[in-house]
Structure formats: structure tokens, C-alpha cells
There are 2 protein chains.
Amino acid sequence: MAPGGRRGGGRPTLEEVAARAGVGRGTVSRVINGSPRVSERTRTLVQQAVADLGYVPDRAARALAGHRADTVALVVPEAETRLFAEPYFSGIIRGVSAGLADHDMQLLLTLIRTSKERRRFADYLAAHRVDGVLLVSVHGDDPLPDLLERMAIPTVLNGRRSAGETVPFVDSDNTGGAQSALEHLIGRGRRQVATITGPPDMYVAHCRLDGYRRAVRAAGHPEDAALVAQGDFTEEGGRRAMRELLARRPELDAVFCASDVMAAGARQELRAAGRRIPDDVALVGFDDSAIARHMDPALTSVRQPIEEMGRAMARLLMEQITGGAGSGVPGPRAPAPPSAAARLVLPTELVRRASS
Amino acid sequence: MAPGGRRGGGRPTLEEVAARAGVGRGTVSRVINGSPRVSERTRTLVQQAVADLGYVPDRAARALAGHRADTVALVVPEAETRLFAEPYFSGIIRGVSAGLADHDMQLLLTLIRTSKERRRFADYLAAHRVDGVLLVSVHGDDPLPDLLERMAIPTVLNGRRSAGETVPFVDSDNTGGAQSALEHLIGRGRRQVATITGPPDMYVAHCRLDGYRRAVRAAGHPEDAALVAQGDFTEEGGRRAMRELLARRPELDAVFCASDVMAAGARQELRAAGRRIPDDVALVGFDDSAIARHMDPALTSVRQPIEEMGRAMARLLMEQITGGAGSGVPGPRAPAPPSAAARLVLPTELVRRASS
DNA sequence: CAGTACTGTGGGAGCGCTCCCAGACGTGAT
DNA sequence: ATCACGTCTGGGAGCGCTCCCACAGTACTG
């Protein structure tokens with residue numbers, strides 16, 4: 001008779017299940033949550049009642065009483081929303097989603113474009129609506145990681161802000177990936193290998209440049225600063241950098257680009273300059289994105305284990321949330337100390353195609 | 001002294017705000033929810049207390065007491081997770097996210113791959129954790145739309161299952177887009193325009209084929225069934241269909257592909273057959289995805305107003321949830337009757353590039 | 001056979017809100 | 001002055017869970 005609009009017959013509550021099973025509320029709760037302190041007989045009884053009634057625990061009530069949300073947020077800062085178009089995010093989301101499914105956790109997607117939206121998200125955190133946060137592609141100056149640390153909310157970054165990252169993270173081996181790209185080029189007889197880097201304020205750009213340098217050094221080639229041009233991960237930046245390189249070192253015979261998108265820009269300039277790929281100049285990218293496969297010629301690129309990274313992020317986050325304790329019973333939050341396992345660097349793989 | 005781990009000092013509650021403002025709980029609640037039945041003086045008083053204490057309402061408590069979740073789910077069925085890589089999803093998500101931000105609604109992202117995950121999602125719906133659902137790229141045989149209708153959960157589809165779609169939806173003008181692509185080709189003197197279609201069990205494929213046929217008819221060209229080949233929205237499908245077409249009608253001078261991905265496949269076959277693009281054969285795609293810009297030559301394609309579609313989906317859903325009542329106070333759910341406005345078809349735009 | 005230690009169980013006391021019913025205080029008409 | 005009818009306000013009664021305390025029962029000990 002309630003005016004509000006109680007839905008058809010009303011969904012069964014814990015209490016009703018308890019009544020039907022002839023046990024107390026607490027016992028049903030224990031069964032639902034997989035507590036071991038229930039006799040086998042009672043457990044079966046309760047499970048039967050649950051099945052009969054089609055009982056599904058109300059999450060809101062659970063969240064209120066249990067101080068948890070069964071939800072984690074995947075946060076994508078403004079600067080990165082365009083990257084969304086890349087298979088990268090698709091892979092991360094799939095990995096995360098798969099990793100969370102086992103824990104019956106939901107994924108909240110939060111795009112933060114404006115400072116108003118950042119505030120809104122901070123309120124959301126304050127309102128206890130998430131148990132943890134996954135942060136994608138943080139820049140060095142992003143205030144979010146520190147905010148999360150202050151609020152003591154379990155967090156995992158995708159990538160890191162610096163070599164001394166304090167927040168748990170999952171990253172790919174950018175240095176190693178760049179290195180393998182260069183070993184490949186040098187192994188195929190290229191002598192004058194240039195590189196187009198990412199923006200210097202991003203750690204990932206540093207790593208890839210570092211890998212380039214190491215490989216050049218290891219091969220005994222001279223380190224030539226004129227072979228390094230700065231890009232910004234955009235196509236236009238790739239074009240600009242390529243023009244610079246061609247002006248400075250017209251004799252170059254290979255270019256390693258720190259992203260596929262920049263490689264696409266570089267290719268245009270190379271073609272405009274009449275260089276054939278790969279005959280005159282070999283080209284290698286990074287990310288193994290869709291454009292790598294569709295470029296003409298198809299682009300050799302460094303692939304990251306993206307979906308696996310997403311899975312790993314989910315795993316690391318769950319470990320923090322459950323306080324390192326095994327899967328089992330989700331107790332009240334008990335923040336785990338930062339462990340060594342909370343820094344994960346996954347290997348990359350070179351995908352060879354026609355451009356090199 | 002609570003063992004659980006009450007966070008630092010404890011966040012302020014409604015009651016504390018009430019005490020500080022010297023009013024009752026009900027009054028604070030009214031102010032928070034923007035009820036008009038509060039005197040100006042009291043409202044200011046309460047707002048001051050809220051600001052002083054940094055009060056943020058607890059969402060879980062709100063959800064429990066108020067029978068709402070302030071959350072909507074964006075559901076992506078298995079078959080589509082690969083499309084995730086496309087700018088399409090990026091755009092939809094951005095539009096939806098922007099559209100929801102105004103309503104202080106959160107976005108839950110749900111990937112459904114297995115039947116186990118579908119069940120899990122159904123439970124989630126039963127557990128009252130979402131106020132509405134956005135469904136992306138539904139197939140004709142997807143059981144989800146009907147399930148949602150039965151549960152009386154507000155829903156908006158992206159695309160529709162058939163011409164007589166009963167669930168509110170937002171779609172783009174696929175027929176018109178295909179038509180404009182063909183008018184463009186025919187206008188440039190192409191006489192033998194072939195098409196590669198999507199899978200016949202998808203309504204969107206029908207629409208695009210329909211647009212092709214209408215334009216051919218309107219131009220007074222003969223309708224030649226041999227110029228129609230069936231694809232499946234994949235690159236390999238595009239290749240196969242292109243081979244068929246070349247075998248059946250070697251004299252064709254243009255191909256309209258129902259997706260960019262299939263156009264990429266078609267291009268490979270055309271090239272393998274020694275046809276130059278656009279000199280011998282003009283090529284047009286659909287979606288205006290990343291590969292369209294990076295293809296060689298760059299692909300003419302039909303662009304959909306993706307982000308706007310996302311926004312519209314959010315708007316339609318919110319209208320259902322708030323029962324058509326203006327923004328204002330969020331009352332308990334009152335499902336709105338299916339209105340004419342709940343069917344939205346947005347216009348497309350032809351983006352001309354070098355391939356035609 | 002009392003004493004100690006478990007294991008299993010019931011149910012009270014909240015979690016922080018919203019809803020809604022009374023009641024306090026106006027204001028105007030009679 | 002009296003009554004009716006507004007507008008505003010306080011606070012009780014939940015929402016459906018989890019947590020935890022107390023207690024019954026059983027199984028060991030000395």
C-alpha cells in the first residue's frame with residue numbers, strides 16, 4: 001500500500017530468506033558471504049531458500065552497512081580521452097573488466113575533463129562510492145594520485161610518473177621495447193638510426209629514448225644528438241620532427257618513433273621527401289595500434305601486453321582492497337602496506353612488418 | 001576506537017549538519033535535494049553549515065533510503081568488444097559521460113562476454129544498482145532488451161534491432177548516409193558502383209544497403225544484383241567480398257563499403273588486382289574511423305555524429321528516469337510512457353578524401 | 001564431573017539517508 | 001476573536017544489510 005511504487009510483489013529480503021530457511025538473519029548473511037563458520041547442513045538449507053526465493057542481496061544496503069561499494073573507478077584524465085580511440089584503452093578496459101569479474105566488482109568509468117568534473121569525482125570518492133581507483137596515463141603534474149594517497153584510497157596507476165613512483169603501478173617495459181626495436185634495425189644493417197621522442201615531461205617518453213640510447217651505445221655506434229628529435233605523440237608533431245631530422249641528417253637510413261601516430265606523420269614527410277620505405281629509410285613505431293597494420297607499408301611496431309596490463313591492474317587493486325588477504329571473505333577495509341609486488345613492469349614484443 | 005577502521009575523524013553526517021545549523025534532519029535533506037519548501041533564511045543557514053563541515057551526502061545511504069542509485073550502466077555485448085578500438089565507442093562514451101555529468105549520474109561500464117557475465121549483470125539489475133541502462137550495438141537476437149523491458153528498467157539503445165523497434169533508441173541516418181555516398185560517386189561520373197554490405201542479420205546493414213539501392217534507382221542506373229556482395233564488417237570479409245565482385249564485374253569503377261574496416265580489406269584486393277584508387281576504382285567507407293584517415297589513399301567515408309548520439313542517449317535515458325518531469329527534484333521512479341521523442345535518428349555527413 | 005574451549009547460531013544495534021506525518025506558526029476571511 | 005487554510009519545520013520510522021555480542025550446544029581436558 002506504500003505510495004512510493006514498491007515493485008511487483010517486492011523482492012525478497014534477507015529476513016524473508018531467513019524465515020523460510022528457519023534460521024536467523026545472521027546465519028543467512030554468513031552463508032551469502034561465504035563465511036566458514038556455518039555448518040554444512042544449515043548452509044544447504046539456506047542456499048535452498050535463496051534459490052527458491054530468487055534472492056539477490058541489495059547492494060545499497062550492503063554498501064551502507066558494510067562500508068564498501070563493490071565498485072572501482074577507472075579514471076581517464078582529459079588529455080587522454082582522445083587516446084580512447086586506440087585499441088589501447090579497449091585492451092585495458094577488457095583486461096580490467098575480466099580481472100574484476102572474478103571478484104564481483106563493478107567498473108565505473110570516469111572521464112575527467114574539467115576541474116568541475118574533478119571536484120565532482122573527489123566528492124564521489126568522499127561519498128564512499130568506490131573501493132579503489134585505477135588511473136590511466138597519469139601525467140607528472142596530475143593532482144589526482146596524491147589526492148588519492150591522502151584519502152587512503154587503494155590506487156593503481158597505469159604507467160608511472162617517474163622512476164621513483166610511490167603509488168602502485170603497472171607499466172610495460174618501454175625501455176626494453178625501444179631497445180629491441182633498435183636492435184632489430186641495427187641488426188638489419190641500418191647505421192644512421194634517428195628517433196622521434198615523446199614530450200619530455202612524460203616518463204614514458206624518457207624510457208623509450210633511454211632504450212634507444214642504450215641500444216645505440218651497445219652496438220658501438222656514435223651517439224649523435226642530431227639524430228634525436230622531439231615530438232609530442234601527435235601526427236603533426238611527428239611530421240615536424242621528421243622535417244627537422246631530414247634537414248639535419250639527410251643521410252639517415254632508419255627512424256624509430258616513440259608512437260605509431262608520430263610514425264604516421266613521419267611517413268608522410270619521408271614520402272614527400274622522396275624516400276622509399278623501407279628501401280631508403282626503415283620505420284618503426286610503438287604501440288602496435290590499428291594504424292600500424294593499415295599503414296602503407298604496414299608499420300613495424302612494439303606491442304605492449306595491454307589486456308594483461310589491465311588484468312594486472314585489477315589484481316593489484318584487489319590485493320590492496322582486501323588487504324593482501326587471499327580471495328575469500330571480504331572483510332572491512334584494511335589497507336595493505338606498499339609491497340614490492342605493487343610495481344609491475346610487463347615485457348613488450350616487436351611486431352615486424354614491411355616498414356623495416 | 002572502532003576496530004573496522006573508521007576513517008580520520010569520520011565524515012560529517014546529515015545529523016551533524018543539522019545540529020550545526022540548528023535545524024532538523026528533514027530540513028537539511030530538503031536543502032540538499034533542492035526542495036522549494038524551505039525558507040530562504042533557513043536555506044542559507046544550512047548551506048553555510050554544509051560548507052563549514054565539508055559535508056558530502058553518503059550515496060549508499062541515499063540509494064538505500066531513496067530507492068535509486070544515481071548510476072546508469074553502459075552495456076557492451078561480447079560481439080562488440082573489438083569495436084571498442086574504434087573512435088566510435090570513444091565518442092559514445094564521451095557523449096554519454098558529458099550528458100550524465102549534468103545530472104550527477106555515474107557511468108558504469110559493463111562488458112558482457114559470457115552467459116555467466118550476463119547472469120551477473122541481471123543480478124546487478126535486480127540488486128537495484130542502476131537507474132537505467134544504455135545498450136550499445138544490439139543484435140537482433142540479443143535477449144537483453146527484452147529482459148530490461150520486462151524488469152521495467154529505463155533503457156535506451158544505440159542503434160535499433162529492426163524498423164519497428166519498441167525500445168527507445170538513438171540511431172544515425174544510415175540510409176541517408178549511404179545515399180549521400182552514392183550520390184557523391186555517381187555525381188563524379190562513376191557508372192558501375194558496387195557495394196559490400198554488412199551481415200544481413202544486422203539492421204544497420206540493411207539500412208546502408210537500402211540507401212545504396214535508393215540512390216542507384218534515383219540515378220536511373222540499372223539495379224544489378226551482381227554488384228552487391230555480402231561482407232561481415234571485418235577486414236577479411238571485405239577482402240572476400242571484393243574478390244567476388246572483381247570476379248563477377250571486372251568493369252566496376254567504384255565500391256561503397258558499409259564500414260571502413262571492410263574498405264581496408266577491399267583496398268588490398270583492389271591493389272592486388274592492379275587497380276589504382278581512385279583512378280580505376282573509387283572507394284568509399286562508412287564510420288570515418290581512424291583507419292580512414294591513415295589509409296593510402298585517405299578514404300572518403302560517412303561520418304556519424306557520434307558524440308552527439310551519446311549525449312542524446314543520456315538525455316533520453318534521463319527523461320525516462322525522471323519520468324519526463326524537468327530536471328529539478330529527483331523523486332521516486334515514475335516510468336514515463338514511450339514517447340515519440342524516444343526515437344531519435346541523427347543525420348550523417350560525407351567526409352571526402354582522396355579515395356573517390 | 002566441573003572446568004575450559006571451542007563451534008554455530010540468533011538477534012540487537014546500528015549504517016546515513018529519505019519519506020511523511022504531525023505540529024508550530026503565520027495569514028487572511030468571517 | 002474564531003476558524004480555516006496556508007507555509008515551514010522537527011523528528012519518528014523505516015530502507016536491507018553487516019557487525020558483533022551473547023549464548024547454546026558439543027567436545028575435550030584435568
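Trainee: Please set out the overall build of chain A residue by residue, giving values where relevant.
Mentor: Each helix and strand in chain A was counted, giving 13 helices and 12 strands. In summary, chain A has a C-alpha radius of gyration of 26 Å against a globular reference of 21 Å for 356 residues, an excess of more than 25%. For the C-alpha atoms alone, the extent of chain A along its principal axes is close to 85 × 40 × 35 Å. Across the 356 residues in chain A, those meeting the buried criterion constitute 54%.

Trainee: Requested: an account of the relation of the copies chain B and chain A, with residues and values cited.
Mentor: Turning chain B through 180° and shifting it by 0.1 Å along the axis lays it on chain A, with an RMSD of 0.2 Å. Such a combination of rotation and displacement between the chain copies is what one expects of a two-fold axis. Scanning chain B for the C-alpha nearest the rotation axis identifies L108(B), at a separation of 2.3 Å. Both copies present the same face, since 100% of the interface residues in chain B are matched by interface residues at the equivalent positions in chain A.

Trainee: Break down the sheet that holds strand β9 (residues 282-286) of chain A for me, with residues and values.
Mentor: All names here are of chain A. The 6 strands lie next to each other as β7-β6-β8-β9-β10-β12, forming an open sheet whose pairing is mixed. Single-partner strands in this sheet number two, and they are β7 (228-230) and β12 (349-351). Between one strand and the next, the sheet's axes are offset by a mean angle of 20°, whatever the strand orientation. Where strand β8 (residues 254-257) meets β9, 3 bridges bridge the pair, whose relative direction is parallel. Among the inter-strand pairings, V255 is bridged to a residue of β9, identified as L283. Along the sheet, helix α10 (residues 235-248) contacts β6 (193-197), β7 and β8; its crossing angle with β7, the most-contacted strand, is approximately 150°.

Trainee: Outline the environment of V138(A), listing residues and values.
Mentor: Residue and element names in this part refer to chain A. With respect to the helices, strands and loops of the structure, V138 is situated in the loop between β3 (132-136) and α7 (144-150). Residue V138 is classed as buried on the basis of its relative accessible area, which comes to 7%. Put simply, V138 and N158 are 20 residues apart on the chain and 7.4 Å apart in space, counted from C-alpha to C-alpha. Apart from the residues within four sequence positions on either side, V138 is in contact with P145, L157, N158 and R161.

Trainee: I'd love a proper account of the side chain of S35(B), names of residues and values included.
Mentor: Residue and element names in this part refer to chain B. Here S35 is to be found in the loop between α2 (25-32) and α3 (40-53). On the accessibility criterion, S35 (12% relative accessible area) is buried. Residues within four places of S35 in sequence aside, it is in contact with R30 and R43.

Trainee: Outline the sheet that holds strand β10 (residues 300-303) of chain B, listing residues and values.
Mentor: All names here are of chain B. Strands sit in the order β7-β6-β8-β9-β10-β12 across an open sheet of 6 strands; the sheet is mixed. Strands with a single pairing partner mark the edges of an open sheet, and in this sheet they are β7 (228-230) and β12 (349-351). When the angles between neighbouring strand axes are averaged without regard to direction, this sheet yields 20°. In this fold helix α8 (residues 174-187) packs onto β6 (193-197), β8 (254-257), β9 (282-286), β10 and β12, with an angle of close to 165° to the strand it touches most, β9. Sitting on the sheet, helix α11 (residues 260-272) is in contact with β6, β8, β9 and β10, with an inclination near 155° to β9.

Trainee: Could you give an account of the packing of aromatic side chains, naming the residues involved and the relevant values?
Mentor: Scanning the model with the defined rule gives 4 aromatic pairs over all chains in all. In this structure, R208(A) is placed above the aromatic ring of F286(A), and the distance from its NZ or CZ to the ring centre is 3.6 Å.

Trainee: Describe the interface of chain B and chain A, naming the residues involved and giving the relevant values.
Mentor: At the junction of the two partners, chain B supplies 51 residues and chain A supplies 54 residues. Between chain B and chain A, a total of about 4,800 Å² is buried, with carbon and sulfur atoms accounting for 53% of that surface. On the chain B side of the contact with chain A, R120(B), R129(B) and H294(B) bury the most area, a combined 14% of that side's loss. Inspection of the region where chain B meets chain A yields 4 salt bridges. Of the charged contacts in the structure, one is a salt bridge between D296(B) and R271(A), with a shortest N-O distance of 3.3 Å. Taken together, chain B and chain A are joined by 20 residue pairs in polar contact (both at pLDDT 80 or more).

Trainee: I'd like a description of helix α1 (residues 14-21) of chain B, backed by residues and values.
Mentor: Residues and elements named next belong to chain B. Along α1, the residues that are buried comprise V17, A18 and A21. One face of α1 carries all of its buried residues, which in axial projection span an arc of 100°. In α1, the exposed residues that point more than 90 degrees away from the buried face are A19 and R20. Where α1 terminates, the next one or two residues include G22, which has phi positive at roughly 70°.

Trainee: Any chance you could break down the confidence of the model for chain A for me, citing the residues and the numbers?
Mentor: Residue and element names in this part refer to chain A. The share of residues in chain A with pLDDT of 70 or more is 90%, and the mean pLDDT across the chain is 89. Segment residues 1-8: pLDDT under 50, and 3 contacts once partners within four positions in sequence are set aside and those in other chains are kept. Note on residues 324-337: pLDDT is under 50 here. Beyond four places in sequence and across chains, it has 20 contacts.

Trainee: Outline the protein's contact with DNA strand D, supporting the account with residue identities and numerical values.
Mentor: Near DNA strand D you find 27 residues, and of these Y55(A), R25(B), T27(B), R30(B) and T42(B) are the closest. The protein-proximal atoms of DNA strand D, defined as those within 4 Å of the protein, are 58% sugar or phosphate. Between DNA strand D and the protein, one listed contact pairs a phosphate oxygen with a side-chain N or O atom of R62(A) at 2.9 Å. At the level of secondary structure, the elements contributing two or more residues to the surface near DNA strand D comprise α2 (25-32) and α4 (59-66) of chain A together with α2 and α4 (59-66) of chain B.

Trainee: Can you explain the protein's contact with DNA strand C? Please cite residues and give values.
Mentor: The environment of DNA strand C is made up of 26 residues, and the closest members are R25(A), T27(A), R30(A), T42(A) and Y55(B). One of the side-chain N or O atoms of R30(A) is found 3.2 Å from a base nitrogen in DNA strand C. Between S29(B) and DNA strand C, the recorded distance is 2.7 Å, taken from a side-chain N or O atom to a phosphate oxygen. Residue assignment for the surface near DNA strand C shows that the elements contributing at least two residues are α2 and α4 of chain A together with α2 and α4 of chain B.

Trainee: Report on the pairing of β8(A), specifying residues and quantitative values.
Mentor: All names here are of chain A. Every second residue of β8 is oriented toward a common face, with A254 and F256 on one face and V255 and C257 on the other, all of them buried. Of the strand pairs in this sheet, β6 and β8 are connected by 4 bridges, and their pairing is parallel. Among the inter-strand pairings, I196 is bridged to a residue of β8, identified as C257.

Trainee: Hey, could you go over the packing of α2(A) against helix α3 (residues 40-53) of chain A for me, with residue numbers and the actual values?
Mentor: Residue and element names in this part refer to chain A. Interhelical geometry of α2 versus α3 gives an angle of 85° and a closest axis separation of 10 Å. By the angle between their axes, α2 is roughly perpendicular relative to α3. Facing α2, whose interface residues are T27, V28, V31 and I32, α3 presents T42, R43, V46, Q47 and V50. Its residues assigned to classes, the contact of α2 with α3 shows 5 nonpolar, 3 polar and 1 charged.

Trainee: Lay out unusual backbone geometry in plain terms, naming residues and giving numbers.
Mentor: Residue P297(A) is reached from D296(A) by a cis peptide bond, and omega for that bond is 0°. Positionally, P297(A) belongs in the loop between α12 (290-294) and β10 (300-303). For the peptide bond that leads from I277(B) to P278(B), omega is 5°, which places it in the cis range. Despite not being glycine, D288(B) has its phi angle at roughly 55°, a positive value. Mapped onto the fold, D288(B) is located in the loop between β9 and α12 (290-294).

Rules behind the numbers
Residues numbered from 1 in each chain as written. Chains lettered and ligands numbered in written order. Predicted model: local features only at pLDDT ≥ 70, side-chain atom pairs only at ≥ 80, totals over all residues. Heavy atoms only, no water. Helix = DSSP H or I, 4+ residues; strand = E, 2+ residues; numbered from the N terminus. Rg over C-alpha atoms; globule rule 2.2 N^0.38 Å. Buried < 20%, exposed > 50% of the residue type's maximum accessible area, 1.4 Å probe, protein only. Least-squares fit on C-alpha atoms with pLDDT ≥ 70 in both. Contact = heavy atoms within 4.5 Å. Pairing = 2+ DSSP bridges. Axes fitted to C-alpha atoms, helices over the stretch in contact; angles between N-to-C directions. Phe/Tyr/Trp six-rings, centres within 6.5 Å; stacked < 30°, edge-to-face > 60°. Lys NZ or Arg CZ within 6 Å of the ring centre and 35° of its normal. Buried area = accessible area lost by both parts, 1.4 Å probe. Salt bridge = Lys/Arg side-chain N within 4 Å of Asp/Glu carboxyl O. Polar contact = N/O pair within 3.5 Å; in protein donor to acceptor, adjacent residues only side chain to side chain. Arc of directions from axis to C-beta. pLDDT = per-residue confidence, 0-100. Near = heavy atom within 4 Å. Parallel < 35°, antiparallel > 145°, perpendicular 65-115°, else oblique. Nonpolar A, V, L, I, M, F, W, Y, C, P; charged D, E, K, R; others polar.

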